[in-house]
Amino acid sequence: MLKRISALVVAGLTAMSVTACGSGSGGSGGGDSITMGFSQVGAESGWRTANTKSVQDSAKNAGITLKFSDAQQKQENQIKAIRSYIQQKVDVIAFSPVVESGWDTVLKEAKDAKIPVILTDRAVDSKDTTLYKTFLGSDFVEEGKKAGQWLVNEYKDAKDPVKIVELQGTTGSAPANDRKAGFQEVIGADAKFQIIASQTGDFTRAKGKEVMEAFLKSNPDIDVLYAHNDDMGLGAIEAIEGAGKVPGKDIKIITVDAVKDGMQALADGKINFIVECSPLLGPQLMDLAKKVVKGEQVQERVVTEETTFTQDQAKQVLSTRQY
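Residues numbered from 1 in each chain as written. Predicted model: local features only at pLDDT ≥ 70, side-chain atom pairs only at ≥ 80, totals over all residues. Heavy atoms only, no water.

### A word on the overall build of the protein chain
Looking only at helices and strands, one finds 10 helices and 13 strands in the protein chain. Radius of gyration (C-alpha) of the protein chain: 20 Å, near the 20 Å computed for a compact globule of 323 residues. Taken over the C-alpha atoms alone, the protein chain extends approximately 60 × 40 × 35 Å along its principal axes. Expressed as a percentage of its 323 residues, the buried residues of the protein chain come to 53%. Look at the contacts in the protein chain between residues 6 or more apart in sequence, and 77% of them connect residues 24 or more apart. Across the protein chain, the 39 positively charged side chains and the 43 negatively charged ones have centroids separated by 3 Å. (Helix = DSSP H or I, 4+ residues; strand = E, 2+ residues; numbered from the N terminus. Rg over C-alpha atoms; globule rule 2.2 N^0.38 Å. Buried < 20%, exposed > 50% of the residue type's maximum accessible area, 1.4 Å probe, protein only. Contact = heavy atoms within 4.5 Å. Lys, Arg positive; Asp, Glu negative; His and termini not counted. Charge placed at Lys NZ, Arg CZ, Asp CG, Glu CD.)

This is the structure:
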C-alpha cells in the first residue's frame, strides 16, 4: 500500500454518536499480555483475505494473542464466536459484522462482562453506541458517492438515458447498504441515470458472474455496471465477455476495493474506475485494542483515508500493491 494512502484520519463525532467512554477492561484486566477474540466475516474475496492477513500479522507483531474465527458469512456463527470469547474471558473482542442489525443482545453480554468491543470494517445499527468502544473502517457512503461522481462526469454530455445495472454486496451488510445509498444520492439528481436492475452478488466472483449473466439476458442494452466490490466485477467481466461484449468499452465498469486482480483489470482497460477500500486495518486495530484494554478513551470513529484509481493511475501503482 502506498504510504501516502495508508494513513488514518480520525473523524470527529457525528451527530448520531455519543462519547464511547467507560472504564472496565477485559477479562484479565489490562496487564502486559492481551488476548483478542476476532470474528471475521469469512473469506469471500481477495479483500477479505488481505484483511485477515493484516489482522493476524499485526497481532503477532504487537504481541497480542489472537483467537480467530471465520463466520463463513453467517451472523449466527459470529454471535456464537462472540459468546465463546466472553466465556473465555478475553481482554477485547473485535469483529467485522456480517450484517448491520441484530447485535444488541450479544453486545450487551460483552458489556456486562466488562469486555470492550471494537468494530472493524463494518458498522452495526445499534442505537446504544456504548455497546462498543470504537469503529475502525471506511466511509462506505463516501465510496458510493465517489463511484457516482465518476459516472456523472463520464456522461456529463450524454443526452440519452444511461442504463445501469448494480451488483450489490451481501444483503443487509453495511457496505452494501451504504455504497448503494451514496451512489444513488449522486446520480439521483439527473433523471438520465437509470438503474434498470440491482441484485446481490454476495461480494463473490462466482455470484457476480451468475447475476451478470442474468442481467445480460433480461437487459441486452446495458451501458454501465456498478459493482460493490472488485470480485463481483471480475466475475461480471467473465459474463460480459461470454456474451460477446467488450468490458470497459461496450459496458463501462465501476468497482470498489482496489485489490490487485481488480487493479490489473483496470490497467488492462476492462474496468474503468475503482474506488479504493483498504483492508490493511490490522496495525490500527491493535493500537486501539491496547488503549481500550487499558481503559483509555478513544475516538469512536476512525476513518481510513482512501483514494480512487483511473486506468492510467492503476498502471502507475500496480507493482506496489500489497494485496
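### Describing the sheet that holds strand S10 (residues 252–257)
Pairing is mixed across the open sheet formed by six strands, whose spatial order is S8-S7-S9-S10-S11-S13. Lying at the two open borders of the sheet, with one neighbouring strand each, are strand S8 (193–200) and strand S13 (308–309). In this structure, S10 lies alongside strand S11 (residues 273–276), joined through four bridges in parallel fashion. By the bridge assignment, Thr 255 is partnered in S11 with Ile 274. Each of strand S7 (162–168), S8, strand S9 (224–227), S10, S11 and S13 touches helix H4 (residues 140–154); the most contacted strand, S11, lies at about 155 degrees to it. Packing against the sheet, helix H6 (residues 205–218) makes contact with S7, S8 and S9, and its axis sits at approximately 150 degrees to S7. (Pairing = 2+ DSSP bridges. Axes fitted to C-alpha atoms, helices over the stretch in contact; angles between N-to-C directions.)

### Quick word on H4
A rise of 1.5 Å per residue sets the reference length of H4, with its 15 residues, at 21 Å; its end C-alpha atoms lie 21 Å apart and thus fit the reference within 8%. Among the residues of H4, Phe 140, Glu 143, Gly 144, Ala 147, Gly 148, Trp 150 and Leu 151 are the ones counted as buried. The buried residues of H4 occupy an angular sector of 155 degrees when projected down its axis, which confines them to one face. (Expected span 1.5 Å × (residues − 1). Arc of directions from axis to C-beta.)

### Focus on the packing of helix H7 (residues 230–242) against helix H8 (residues 260–267)
Between H7 and H8, whose axes approach to 9 Å, the crossing angle comes to 50 degrees. Classified by the angle their axes make, H7 and H8 are oblique. The hand of the H7/H8 crossing is left-handed. Where H7 approaches H8, its residues Asp 230, Leu 234 and Ile 237 are matched on the opposing element by Asp 261, Gly 262 and Ala 265. (Parallel < 35°, antiparallel > 145°, perpendicular 65-115°, else oblique. Left-handed = near helix turned anticlockwise from the far one by under 90°.)

### Section: the pairing of strand S3 (residues 64–70)
Pairing of strand S2 (residues 34–40) with S3, which is carried by seven bridges, proceeds in the parallel orientation. Each bridged residue has a counterpart across the sheet, and for Ser 39 the counterpart in S3 is Ser 69. You can see the chain leave S2, run along helix H1 (residues 46–62) and come back into S3, and the turn it takes is right-handed. (Right-handed = clockwise from strand over helix to strand, strands pointing away.)

### With respect to the side chain of His 228
Assignment of secondary structure puts His 228 in the loop between S9 and H7. A residue is classified by how much of its surface remains accessible, and His 228, at 0% relative accessible area, is buried.

### Thoughts on the confidence of the model for the protein chain
Summing up the model confidence of the protein chain, the mean pLDDT is 90 and the portion of residues at 70 or higher is 90%. In this model residues 1–31 is a low-confidence stretch, pLDDT under 50, and it forms 72 contacts with partners more than four residues away in sequence or in other chains. (pLDDT = per-residue confidence, 0-100.)

### With respect to the packing of H6 against H7
Where H6 meets H7, the axes come as close as 7 Å, and the angle between the chain directions of the two elements is 45 degrees. With respect to their mutual orientation, H6 and H7 come out oblique. Pair H6 / H7 crosses with right-handed handedness. Across from Arg 205, Gly 208, Lys 209, Met 212, Glu 213 and Leu 216 in H6, the residues of H7 making contact are Asp 231, Met 232, Leu 234, Gly 235, Ala 236, Glu 238, Ala 239 and Ile 240.

### Notes on the packing of aromatic side chains
Summed over all chains, the structure comprises four aromatic pairs. Measuring from ring centre to ring centre gives 5.0 Å for Phe 95 and Trp 103, while their planes differ by 55 degrees; the resulting arrangement is tilted. Of the two residues, Phe 95 and Trp 103, neither departs from the other in class, the shared state being buried. A ring pair is formed by Phe 183 and Tyr 226, whose centres lie 4.0 Å apart and whose planes are at 25 degrees; its orientation type is stacked. In this pair, Phe 183 sits in helix H5 (residues 174–187) while Tyr 226 sits in strand S9, placing the two residues 43 residues apart along the sequence. (Phe/Tyr/Trp six-rings, centres within 6.5 Å; stacked < 30°, edge-to-face > 60°.)

### Description of unusual backbone geometry
Positive phi, normally seen in glycine, also occurs at Gln 73, with a value near 65 degrees. Structurally, the position occupied by Gln 73 is in the loop between S3 and helix H2 (75–87). Gln 73 gets classed as partly exposed once you look at its relative accessible area, which sits at 28%. Positioned with a positive phi, Asp 257 is a non-glycine residue whose angle comes to about 140 degrees. Within the secondary structure, Asp 257 sits in strand S10.

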